[in-house]
Amino acid sequence: MNRYRLSHLRELEAEAIHIFREVAAEFERPLLLYSVGKDSSVLIRLARKAFAPGKVPFPAMFVDTTFKFPEMYTHRDDFLSSIGIECFTYSNPEGKPLDMNPFDFSRQQCCGIWKTGGLLKGLTEHGVDAAFGGARREEEKSRAKERIYSFRDTQGQWDPKNQRPELWNLYNGRRNPGETIRVFPLSNWTELDVWQYIHLEEIPIVDLYYARERDMVERNGLLLPADPRVRPAEGEVKKVMCRFRSIGCVPCTGAIRSAADTLPKIIEELMVERVSERATRAIDHDQEGSMELKKREGYF
Amino acid sequence: MTRLVDQHQRANTLRFSTCGSVDDGKSTLIGRLLHDCKAAFQDQLAAAKRLTTNESVGAAGEEIDFSLLTDGLAAEREQGITIDVAYRYFSTPRRKFIIADTPGHEQYTRNMATGASTANLALVLIDARKGVLTQTRRHAFISSLLGIRHCVVCVNKMDLVDYSQEVFDGIVREFSDFATRLSVPDLEFVPLSALKGDNVVDPSARMPWYQGKPLLRLLEDVHTASDRNLIDLRYAVQYVIRPDLDYRGYAGSVASGIVRKGDEVMVLPSRKKTRVARIDTFDGEIEEAFPPMAVTLCLEDELDVSRGDMLVHPRNQPHVTRHFEAMVVWLGEQKLRVGGNYWLKHTTQSVRVKIESLRYVVDVNTLSRDREAEHLELNGIGRVVISAVRPLYVDAYRDNRSTGSFVLIDQLSNATLGAGMLIERQPEQELPSAIAEWHDAAGASAMGLIPDYERVETEERAAQLGQLPVTLWLTGLPASGKREVAHALDRLLFEAGFLSSVLDGRAVRGGLSHDLGFSPGDRAEHLRRVSTVAKTLNDAGLITIASFVSPTRVIRARAREQIGAERFVEVHVASPLEWCEARDRAETYSRARSGELLHVPGVNAPYEEPRTPAIVLRPDETGFEAAAEALMKVLRERGYLSS
């Protein structure tokens, strides 16, 4: 009966396509949050699959924190223009006047303005009622219990104690005015699945994920890029063979030492990796339950 | 690409649910699985690359980092309990596993139901020191209610009972007794110690008396492909894709059945027929689609089709009905109101419904039914009658997890209040003849080659033989006397001048099914073959006397469908277990009791009695001849034999 059996990747793919279509049918103004990262690259591919041969019936939004890697901006422009998805960039207008940054302010304050603030304002300004995100349950403890349809109140906040039960593949999309949802089509994917899928589907991804010899600085156990925005000190920069498992803002995203410069090598590395992929994200470690706290406030 | 990367890419998925409270070792077991599977990859990779490493990876007995598994939400940490379903993931090169990890307390029945709704297998955990607890029964019952067909009972903490076979056997007996009241076709038991790693990934040297597979091996091997319904095509239109005026595609997921390019399909509710012109995907056109594929169908004719409509094969239709009965698990804080109105979501349809009545409420601990109950409260399970403002296209949940399930939604708060599973109300004889379509699909071209005028019609054969073809399906426990009764009846028919043939389990297993074992998957395939032969004999005008244990209702319903309801007479050979056991020369029972044989109905697998057999025989009381006489009488009364 193997003929009528899907591989786990194709099964995950089918589940995600089902979710995309369900949301497109039941919501008025969906939007896809595109971060340039590997997960949102997969998300884009799945959205195209869901509506082919038609066009993806909603736009993508890139929340710019002004601290992203230069490679991310280039990749965003090249990738999106090649596939014809409408994408706009949104940046919280409050950030610039404050000169918000993670050195003169705390990381929480910086994330609060650029990331969470930018996201919430962007969604509100565009009247979005359903925002697709690439979060996965496996990523982090508080995400293990996240729903596929994650309800947010009129302030965009998440109440972990009051989530709707989700049974079978019946998603309850009914909502009252002002309520919105975040939708996570990749909920059941693992990091390994994402890479296997990128490999299988030959999805272009930003070069930062591949091991290269890069100019880096090492701070508090984190390996950071020697970008001016990290403010490297004299003599602090060194060449390191490394790659990024997860990408975000330059000052707060660490690299791992690795020689994995091809997709199969990355996959093999992951098969034996014991450290969580978000271990290199400084923001997750600042406070007990840090991610949950941010989620409640409206972050992913 | 390395072999391992490639192999893992082709792995399939097993979703299973676990259930338990803090101290029963569930976290340890899950931790052990997550940990040792990573180690399994490491070992494989090291072996593949011929690395020499002194570092011992993942040896049994190694300390596990439980922090991986601490409960997720701050609220739960504060209260020291687990209140929600947590999903966890691990994989081996052969399979990816998704665990729906649910709390065990009674007040979390709804979480258990949520976790079970997408699971293929239930992993039931029992503390060897404590035996079968209320919580164990509850988890097993909810799993069976939610249609999970495979259940692995892990008897954990065997290290604390000195790895005693006696303790294990006692628990197996106790749980098996309980399981006979449930519908769990595939039941396995594993004695293990999650803490020490015994029988989790590798067989334990400390329990040489256990001949079965270690847990991970069971999980990797369990055969779930045949759980899916590949017969009844149900395709709910989800979204209409219309990029330009020339293209109109109906996007959806195949809930069950197989759809092929060129198939004739009927659109519900309009009942208009057309053909599938193409099956499109992003990656190009394909010839056929099966569950759970998400595709886009284009139809030959321009029909008015929209979201919520359903495409089916014209000869295999779901029930189109506004009224139905269902088992409902109540998830809401506010009680279910009889007479109340709710939104109901079923496939891609949302309709307003009214709760007409509450027939009974089930006590999840004792399985007793309270018919006086007036309310269904949070975590309650009850049978309700529902009517909808417009028709739904439904199947019984046991036949179809997708078209048989729904959720109830509050009209004000929009909260998801209930989860329902449709019950087949009609007698089985009135079921749509699902198998007819299946035969068409399989043999359409072959049948097309035979012009109608060359066929000998059933009526002609009946007239010549003086009998109508029928299959007497004798079901009952092993050694209950089915074979003896079958041959006695064969003799009576022969002497009366009729033509019949006996299909007997042992004979068929020695030939046609010699490649199959006794696991539920194999049993289903065995009976599919038997049913095909029975039908062939009937088609030739013969009376078939089939003698098979056929322990579950599902399996017999399939046989009935395949042979044809009008030709199928179900006979229950109901000799009591003790009598069967006493006369059992094949030692099936004693070997099952010793643990040597698994899946023996009545001992370590359930036997579900037929609900509405044509006749119940007791050869232990009447003898075989009298039982055969009684069957003759049934055949005459029902007009299968000319007088």
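Each chain has its residues counted from 1, running along the sequence as written. The lettering of chains begins at A and the numbering of ligands begins at 1, in the order of writing. Per-residue local features are limited, in this predicted model, to residues with pLDDT of at least 70; the limit for side-chain atom pairs, both in listing and counting, is 80 or more; totals at the level of whole chains, interfaces and linings are taken over all residues.

Thoughts on the overall build of chain B
No. 1: Helix and strand labels come from DSSP, where a helix needs a run of H or I of at least four residues and a strand needs a run of E of at least two; each type is numbered from the N terminus. The helix and strand inventory of chain B stands at 17 helices and 27 strands.
No. 2: Any residue whose C-beta has 12 or fewer other C-beta atoms within 10 Å is treated as exposed, any with 20 or more as buried, and any in between as partly exposed, C-beta atoms being built from the backbone. Per-residue burial over chain B gives 49% buried out of 643 residues.

Quick notes on the overall build of chain A
No. 1: Counting its secondary structure elements, chain A contains 8 helices and 10 strands.
No. 2: Computed over its C-alpha atoms, the radius of gyration of chain A comes to 19 Å, within 12% of the 19 Å expected for a compact globule of 300 residues.
No. 3: We call two residues in contact when their backbone-placed C-beta atoms lie within 7 Å. Look at the contacts in chain A between residues 6 or more apart in sequence, and 75% of them connect residues 24 or more apart. We compute the radius of gyration over the C-alpha atoms and compare it with the globule rule, which gives 2.2 Å times the number of residues raised to the power 0.38.

Things to note about the interface of chain A and chain B
Much of the literature gives interface size as the accessible area that the parts lose upon coming together.
No. 1: Tallying the contact residues gives 53 residues for chain A and 63 residues for chain B.
No. 2: Elements with a contribution of two residues or more to the side of chain A that touches chain B: helix H1 (8-26), helix H2 (38-51), helix H6 (191-201) and helix H7 (263-272) of chain A.
No. 3: No other element matches H1(A), which puts 10 residues into the side of chain A that touches chain B.
No. 4: Note that Gly is not counted as nonpolar here; it falls among the polar residues with everything else outside the nonpolar set of Ala, Val, Leu, Ile, Met, Phe, Trp, Tyr, Cys and Pro and the charged set of Asp, Glu, Lys and Arg. Residue composition of the side of chain A that touches chain B, grouped by class: 23 nonpolar, 11 polar and 19 charged.

Points about the domain arrangement of chain A
All names here are of chain A.
No. 1: By convention here, the domain bounds are inherited from an automatic or database domain assignment. Split into domains, chain A comes out as domain 1 (2-190 + 289-297) and domain 2 (195-285).
No. 2: Taking only C-alpha atoms into account, the centre of domain 1 sits 22 Å from that of domain 2.
No. 3: At the junction of the two partners, domain 1 supplies 23 residues and domain 2 supplies 25 residues.
No. 4: Broken down by secondary-structure element, the contributors of at least two residues to the side of domain 1 that touches domain 2 are H2, helix H3 (70-83), helix H5 (107-125) and helix H8 (290-297).
No. 5: Residue composition of the side of domain 1 that touches domain 2, grouped by class: 11 nonpolar, 5 polar and 7 charged.

Notes on the sheet that holds strand S25 (residues 543-547) of chain B
Note on sheets: strands pair through backbone hydrogen bonds, and any given pair is parallel or antiparallel.
Residue and element names in this part refer to chain B.
No. 1: Taken together, 5 strands build an open sheet; the order of strands is S24-S25-S23-S26-S27 and the sheet is parallel. Of all strands in the sheet, those with a lone pairing partner are strand S24 (500-504) and strand S27 (615-617), marking the two edges. In this sheet, adjacent strand axes meet at a mean angle of 20 degrees when their direction is disregarded.
No. 2: If DSSP finds at least two bridges between two strands, the strands pair. One ladder, built from 3 bridges, connects strand S26 (residues 568-573) with S27; its direction is parallel. Considered in S27, the bridge of His572 is made with Val616.
No. 3: Along the sheet face, helix H10 (residues 482-495) touches strand S23 (470-475), S24, S25, S26 and S27 and points at about 170 degrees away from the line of S24.
No. 4: Only the stretch in contact is used when a helix axis is fitted, and all axes are lines through C-alpha atoms; the angle between N-to-C directions ranges over 0 to 180 degrees. Sheet contacts for helix H17 (residues 624-637): S23, S26 and S27; angle to S27, the most-contacted strand, approximately 170 degrees.

Comments concerning helix H6 (residues 165-179) of chain B
Residue and element names in this part refer to chain B.
No. 1: A helix is expected to span 1.5 Å for every residue after the first. With 15 residues, H6 ought to run about 21 Å at 1.5 Å a step, and its terminal C-alpha atoms sit 21 Å apart, in line with that.
No. 2: Here H6 has its buried residues at Phe168, Ile171, Val172, Phe175 and Ala179. Summarising the axial view, the buried residues of H6 lie within an arc of 105 degrees, below the 170-degree limit, and thus occupy one face. As used here, the arc is the angular range of directions from the helix axis to the C-beta atoms.

Quick notes on H6(A)
No. 1: By the criterion of burial, H6(A) is predominantly enclosed, with 8 of the 11 residues buried.
No. 2: Within H6(A), the full set of buried residues consists of A:Glu191, A:Leu192, A:Asp193, A:Val194, A:Trp195, A:Gln196, A:Tyr197 and A:Ile198.
No. 3: Contact partners of the buried residues in H6(A): H1, H2 and H7 of chain A together with helix H1 (3-9) and strand S2 (86-91) of chain B.
No. 4: Just downstream of H6(A), A:Glu202 is the residue with a positive phi angle, here 55 degrees.

Let's talk about the environment of B:Phe548
Residue and element names in this part refer to chain B.
No. 1: Inspection of the secondary structure puts Phe548 in the loop between S25 and helix H13 (553-563).
No. 2: For Phe548 and Gly147, which are 401 residues apart along the polypeptide, the C-alpha to C-alpha distance reads 24 Å.
No. 3: The contact partners of Phe548, leaving out residues within four places of it in the chain, are Thr475, Gly505, Leu527 and Val530.

Brief notes about unusual backbone geometry
No. 1: For the bond from A:Ala52 to A:Pro53, the omega torsion is 0 degrees, close enough to zero to count as cis.
No. 2: Here the residue pair B:Pro291 and B:Pro292 is connected by a cis peptide bond, since its omega of -5 degrees sits within 30 degrees of zero.
No. 3: Mapped onto the secondary structure, B:Pro292 falls in the loop between strand S13 (288-289) and strand S14 (294-299).
No. 4: The backbone of B:Asp162 shows a phi angle near 55 degrees, a positive value even though the residue is not glycine.
No. 5: Tracing the backbone through its elements, the reader meets B:Asp162 in the loop between strand S5 (150-156) and H6.

Considerations on the sheet that holds strand S8 (residues 222-225) of chain A
Residue and element names in this part refer to chain A.
No. 1: Here 4 strands make up an open sheet; going across it, the order is S8-S7-S9-S10 and the pairing antiparallel. The sheet is open, and its two edges are formed by S8 and strand S10 (256-257), each paired on a single side.
No. 2: Where strand S9 (residues 238-243) meets S10, 2 bridges bridge the pair, whose relative direction is antiparallel. In the sheet register, Cys242 faces S10, and the bridge partner there is Arg257.

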